[in-house]
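Residue-level structural notes
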Amino acid sequence: MPETGSWQVGWETARRSARAYARTAARTAQRAGHEVRRTWRAAPPRTRSAWRLTAVATAAGLAAATAAVAVAGPWDSGQRTAERARAGAAAGTGGAHHGGARGRGGAPGGADGGPGLPQVLPALGIPAADASGRGAAPQPTGAGLADALSPLLKDKALGALRTASVIDVATGRQVFAAKPTAAVVPASTVKLATAVAALTTLGADHRIETTVVTAADAADDGKGAGEGKHPKGGKDDERPKGGKDAKDSKGGEDAKDDGKGGKSASQRIVLVGGGDPTLTARAPKGGADGSASLRALADDTARALAERGRKKVSLGYDTSLYSGPAVHPIGPNENLARVTPLMADEGRLDDSDSGPAPRAADPSADAARAFAARLKERGIDVDGAPSAAHAPKDATRLATVRSQPLGALVERMLTNSDNDIAEALARQTALGARRPASFSGAGTAVRQTLAAQHLPLSGSRFDDGSGLDRDDKVSAELLARLLLHASAPERPELRPIVTGLPVAAFTGTLDGRYADTAGAGAVRAKTGTLTGVNTLAGTVVDADGRLLVFAFMTNGTSDAQGAQKALDTLASAVANCGCR
């Protein structure tokens with residue numbers, strides 16, 4: 001047996017001393033806890049904000065000191081074995097880049113992925129505790145939350161129907177509820193269901209393709225399904241609500257190519273829409289942002305044609321991936337373009353990239369014309385105007401561009417409440433589930449995907465993916481449990497839902513809300529607003545550092561601003577409260 005060295009004796013003595021100090025510090029902190037909480041609750045919001053910043057800085061210093069002392073062994077090759085095991089388990093969990101897919105769920109698994117899940121969730125309030133729960137922030141009680149929230153739910157600005165659900169993330173226990181299972185109109189908070197379904201079905205690393213293929217015949221009869229098309233059974237006989245015309249022939253989106261002006265098979269190409277809602281025809285702003293570009297597609301197409309010695313082509317465009325009506329049941333609206341698998345810049349007629357905007361009457365034809373113009377700029381003569389067509393089944397692919405990863409699209413959808421992305425992701429879910437890529441097919445796919453996750457769906461309806469349809473119905477408990485799913489460390493493919501939520505007073509649809517409140521920076525939530533409908537669902541870190549998910553919903557409001565403020569007050573009350 002080797003002799004014990006003096007350094008080992010010294011190390012053992014230091015370790016015992018450090019552990020004794022830790023136990024003494026813990027007892028001291030426990031005695032001070034009650035007094036600190038009383039002082040905290042008596043302080044005004046501005047003072048609390050200052051204390052929060054001080055606490056963060058102090059915690060960072062203590063963490064650095066603790067790491068330096070390294071109180072708990074054992075050691076192996078200069079690293080604590082417990083830390084190395086934890087790091088090994090967390091390694092490779094990707095961040096917003098969603099790189100290195102592993103398996104169906106898209107859980108990243110390489111060194112290229114961004115910060116791991118254990119790095120993201122502590123920033124949201126999940127404590128870095130071990131399996132026994134040591135170090136976790138104290139859990140709020142139902143009685144404590146009821147004292148804080150029940151009076152606020154009586155605000156006269158809220159509508160006749162008021163529902164709520166608050167769930168503790170660490171335990172999964174619902175700690176406050178008010179009619180949590182009642183199905184109500186969710187407005188845009190239904191995008192949480194769309195996001196969970198899309199990421200579960202396709203994974204965070206899935207990308208949507210837009211392609212250019214050769215056509216076998218200028219007078220293609222449309223019987224062939226293009227490469228990557230939906231399988232048989234994709235047709236849908238649904239009709240828009242309110243007697244709207246279900247036909248989509250105006251503008252030529254569903255028309256068959258008649259071959260007028262067509263050339264030989266070697267000179268016909270087809271632009272095939274794959275459903276990418278972020279495809280752009282615009283010049284990059286300060287460098288490429290990762291969105292698929294018609295300019296890049298034209299570059300690759302012109303290069304492929306040049307290699308084949310072709311300088312003149314006719315152009316068709318294929319939108320057969322989707323079925324059913326392209327117009328949303330609410331009718332033409334500045335909040336949403338026609339739902340088609342081929343569009344550029346969401347069919348916007350101005351230079352905006354989010355929010356309401358005038359939309360093109362036929363975004364598919366406009367995208368095809370923009371693509372033709374880009375080809376001409378690259379020396380390709382496009383004969384005549386682009387016309388609707390079906391790409392043949394055995395078409396040769398000339399060029400392809402791919403969207404950002406699905407996780408990034410989900411983040412953008414939630415931050416900006418983007419309706420076009422929401423409807424596209426609902427249809428991508430339908431395609432992944434082998435359902436018709438239509439409003440009804442997407443709704444069925446979303447519901448079945450959530451049912452497979454054993455989520456509470458009683459009374460739920462998913463008539464669209466964006467929440468613009470007033471026939472949508474979900475419960476507060478469903479919204480809260482969707483967020484609980486997204487916060488689970490074992491579901492990394494759902495992480496973009498958490499990271500995409502707007503931050504109170506800072507980003508997205510919460511940018512102008514929560515000023516000078518306890519919720520600023522502590523609340524991250526998806527908003528929902530229609531006439532008479534106000535909803536809010538997200539995550540919040542309470543005064544004790546505990547992460548909770550919540551959903552507050554009201555229908556029948558007459559004062560939209562007052563109702564919005566009342567919901568924000570509810571979320572801020574949770575942030576402001578240890579509630580025990």
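Refer to the structure printed above.
Since this is a predicted model, take the numbers as computed values, not measurements.

1. Quick notes on the sheet that holds strand 13 (residues 547-555)
- Here we have five strands laid out as an open sheet, ordered 4-3-13-12-11, and antiparallel in their pairing. Edge positions in the sheet fall to strand 4 (174-178) and strand 11 (523-530), since each of these pairs with one other strand and no more. Averaged over neighbouring strand pairs, the angle between their axes works out to 5° when direction is ignored.
- Examined bridge by bridge, strand 11 and strand 12 (residues 533-541) share eight bridges and lie antiparallel to one another. Looking at the pairing, Gly528 lines up with Thr535 of strand 12.

2. Some words on the pattern of salt bridges
- Tallied over the entire structure, the rule returns 17 salt bridges.
- The salt bridge involving Arg348 is made with Glu346; its shortest N-O contact spans 3.0 Å.
- When its relative accessible area of 9% is taken as the criterion, Arg348 is described as buried.
- Linking Arg580 and Asp544 is a salt bridge whose minimum nitrogen-to-oxygen distance equals 1.9 Å. One end of the pair, Arg580, is in the segment after helix 14 (560-575); the other, Asp544, is in the loop between strand 12 and strand 13, with 36 residues separating them in the sequence.
- By sharing partners, the salt bridges in this structure join Asp299, Arg374, Glu377 and Arg378 into a single network.

3. Brief notes about the packing of helix 6 (residues 191-202) against helix 12 (residues 476-486)
- Contact geometry of helix 6 with helix 12 gives a least axis separation of 10 Å together with a crossing angle of 40°. When the interaxial angle is binned, helix 6 and helix 12 end up oblique. When you trace helix 6 past helix 12, the crossing you get is left-handed. Touching Leu192, Ala193 and Val196 of helix 6 are Leu479, Leu482 and Leu483, all from helix 12.
- Counted by class, the contact of helix 6 with helix 12 contains six nonpolar, no polar and no charged residues.

About the thresholds
- Residues numbered from 1 in each chain as written.
- Predicted model: local features only at pLDDT ≥ 70, side-chain atom pairs only at ≥ 80, totals over all residues.
- Heavy atoms only, no water.
- Pairing = 2+ DSSP bridges.
- Helix = DSSP H or I, 4+ residues; strand = E, 2+ residues; numbered from the N terminus.
- Axes fitted to C-alpha atoms, helices over the stretch in contact; angles between N-to-C directions.
- Salt bridge = Lys/Arg side-chain N within 4 Å of Asp/Glu carboxyl O.
- Buried < 20%, exposed > 50% of the residue type's maximum accessible area, 1.4 Å probe, protein only.
- Parallel < 35°, antiparallel > 145°, perpendicular 65-115°, else oblique.
- Left-handed = near helix turned anticlockwise from the far one by under 90°.
- Contact = heavy atoms within 4.5 Å.
- Nonpolar A, V, L, I, M, F, W, Y, C, P; charged D, E, K, R; others polar.

All quantities given are derived from atomic positions and should not be read as evidence of function.
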